[in-house]
Amino acid sequence: MARMPLLAGNWKMHKDHLEAIQLVQQIAYHLDEQDYDRSEIVVIPPFTALRSIQTLIEGDRLAIGLGAQDCYHEESGAFTGAISPVMLAKLAVRYVVCGHSERRHVFGDDDQTVNRKVRAVLSNGMRPILCVGETDEEREQGQAEEVVARHITRGLEGVAGDRADDVVIAYEPVWAIGTGKTATPSDANEMCGFARSQIADVLDGDAAGSIRVQYGGSVKPGNVAELMAQPEIDGALVGGASLQADDFAAICRYHRL
Ligand code: PEP
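These notes cover the structure that comes with them. (Residues numbered from 1 in each chain as written. Predicted model: local features only at pLDDT ≥ 70, side-chain atom pairs only at ≥ 80, totals over all residues. Heavy atoms only, no water.)

### Some remarks on the overall build of the chain
And then number 1: Of regular secondary structure, the chain possesses twelve helices and eight strands.
And then number 2: In terms of C-alpha radius of gyration, the chain reaches 17 Å, essentially the compact-globule figure of 18 Å for 257 residues.
And then number 3: Reported as C-alpha extents along the three principal axes, the dimensions of the chain are approximately 50 × 45 × 35 Å.
And then number 4: Taking as baseline every contact in the chain between residues at least 6 positions apart, the subset at least 24 positions apart corresponds to 73%. (Helix = DSSP H or I, 4+ residues; strand = E, 2+ residues; numbered from the N terminus. Rg over C-alpha atoms; globule rule 2.2 N^0.38 Å. Contact = heavy atoms within 4.5 Å.)

Encoded structure:
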């Protein structure tokens, strides 16, 4: 089954709203119909830039999608500092990252928290990008598959099979995030394939065939084509390289490299 590649730039805690507008304009300047037809291209700025970018995308009719880096699982209430999925949906946010390793390791999001977020995102008509992946230590102890299986099983608990098409999995080995170390294309392919086999266990076989599994971890213009050539890899979640318009645009144009 053909799956539309998803290339998403996670800007993390970088770019104020003015810088964000400039970056989206620069990215858009480098891209054309061929790129948009080939892949779904998404930017994931900090919350404070969502409104500005939404306005820019709508005003200029850009074929770039909008994502958010996280959300709370409740829709409203006395939750100081939290951002509701309802608020994100109103800003035309299409994707919400759930369980990024920085959320898991810096902010203590556990599998149950991540699962609540995944379900809240889906029930508000958006698509979760569920991040899964092992640390260096876990890999060395031979636990990579066990960790990925747990992240997927617990992260997708309670998700109905008919919502499967809206779920995206990002396999991001923690040791490759922001380190310059990338999994080899064949290792990344194998782990993305393994992730897909776990989805088949939780949801169903058809769902596993249509869900997109991205690879993330030091993706850059120099390695994207080889990664994207792997049959189990349906896109990339890009951190550092998404902050440079030239680099992110080159990643989006991987099919021309
Ligand atoms: C990420 O933040 O999800 C990521 C993959 O970062 P980087 O591309 O910088 O490794």
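The rest of the description comes next.
### Points about the pattern of salt bridges
And then number 1: In this structure the tally under the stated criterion is 19 salt bridges.
And then number 2: Across the pair Asp 234 and Arg 3 runs a salt bridge whose closest N-O atoms are separated by 2.9 Å. With Asp 234 in the loop between helix H11 (221-228) and strand E8 (235-238) and Arg 3 in the segment before strand E1 (6-10), the pair connects residues that are 231 residues apart, well separated along the chain.
And then number 3: The exposure class of Arg 3 is partly exposed, given its relative accessible area of 21%. (Salt bridge = Lys/Arg side-chain N within 4 Å of Asp/Glu carboxyl O. Buried < 20%, exposed > 50% of the residue type's maximum accessible area, 1.4 Å probe, protein only.)

### As for the packing of aromatic side chains
And then number 1: Across all of its chains, the model carries two aromatic pairs by this definition.
And then number 2: Between the aromatic rings of Tyr 72 and Phe 79, the centroid separation amounts to 5.0 Å while the plane-to-plane angle is 45°, which identifies the pairing as tilted.
And then number 3: A centroid spacing of 6.3 Å and a plane angle of 50° characterise the contact between Tyr 171 and Tyr 215, whose relative ring orientation is tilted. On the criterion of sequence distance, the pair formed by Tyr 171 in strand E6 (residues 168-171) and Tyr 215 in strand E7 (residues 212-216) is long-range, its members being 44 residues apart. Both residues of the pair, Tyr 171 and Tyr 215, count as buried. (Phe/Tyr/Trp six-rings, centres within 6.5 Å; stacked < 30°, edge-to-face > 60°.)

### Description of H11
Working note: α-helix, 3.6 residues per turn, so residues spaced by three or four point in the same direction.
And then number 1: For H11, the full list of buried residues reads Asn 223, Val 224, Leu 227 and Met 228. Seen end-on, H11 carries its buried residues on one side only, within an arc spanning 130°. Exposed side chains of H11 directed beyond 90 degrees from the buried face belong to Gly 222 and Glu 226.
And then number 2: In this structure, the buried side of H11 is in contact with E1, helix H9 (185-202), E7, E8 and helix H12 (245-252). (Arc of directions from axis to C-beta.)

### A word on the sheet that holds strand E4 (residues 95-98)
And then number 1: If you walk around this closed barrel you meet the eight strands as E1-E2-E3-E4-E5-E6-E7-E8, and the pairing is parallel. Pairs of neighbouring strands in the sheet enclose a mean axial angle of 25°, with direction left out of account.
And then number 2: Bridge analysis of E4 against strand E5 (residues 127-132) gives four bridges, and the strand direction is parallel. In the sheet register, Cys 98 faces E5, and the bridge partner there is Leu 130.
And then number 3: Relative to the sheet, H12 contacts E1, strand E2 (40-44) and E8, its axis offset from that of E1 by approximately 165°. (Pairing = 2+ DSSP bridges. Axes fitted to C-alpha atoms, helices over the stretch in contact; angles between N-to-C directions.)

### Some thoughts on the site of the ligand
And then number 1: If you check the shell around the ligand, you find 14 residues, and the closest are Lys 12, Glu 172, Gly 178, Ser 218 and Gly 239.
And then number 2: Take Asn 10: an N or O atom from its side chain is 3.5 Å from an oxygen atom of the ligand.
And then number 3: Ser 218 is positioned with one of its backbone polar atoms (N or O) 2.7 Å from an oxygen atom of the ligand.
And then number 4: Coverage of the ligand by the protein amounts to 95% of the 290 Å² it exposes when considered alone.
And then number 5: Class assignment for the residues of the shell around the ligand results in four nonpolar, eight polar and two charged. (Near = heavy atom within 4 Å. Polar contact = N/O pair within 3.5 Å; in protein donor to acceptor, adjacent residues only side chain to side chain. Areas by Shrake-Rupley, 256 points an atom, 1.4 Å probe, with all protein chains shown as cover. Nonpolar A, V, L, I, M, F, W, Y, C, P; charged D, E, K, R; others polar.)

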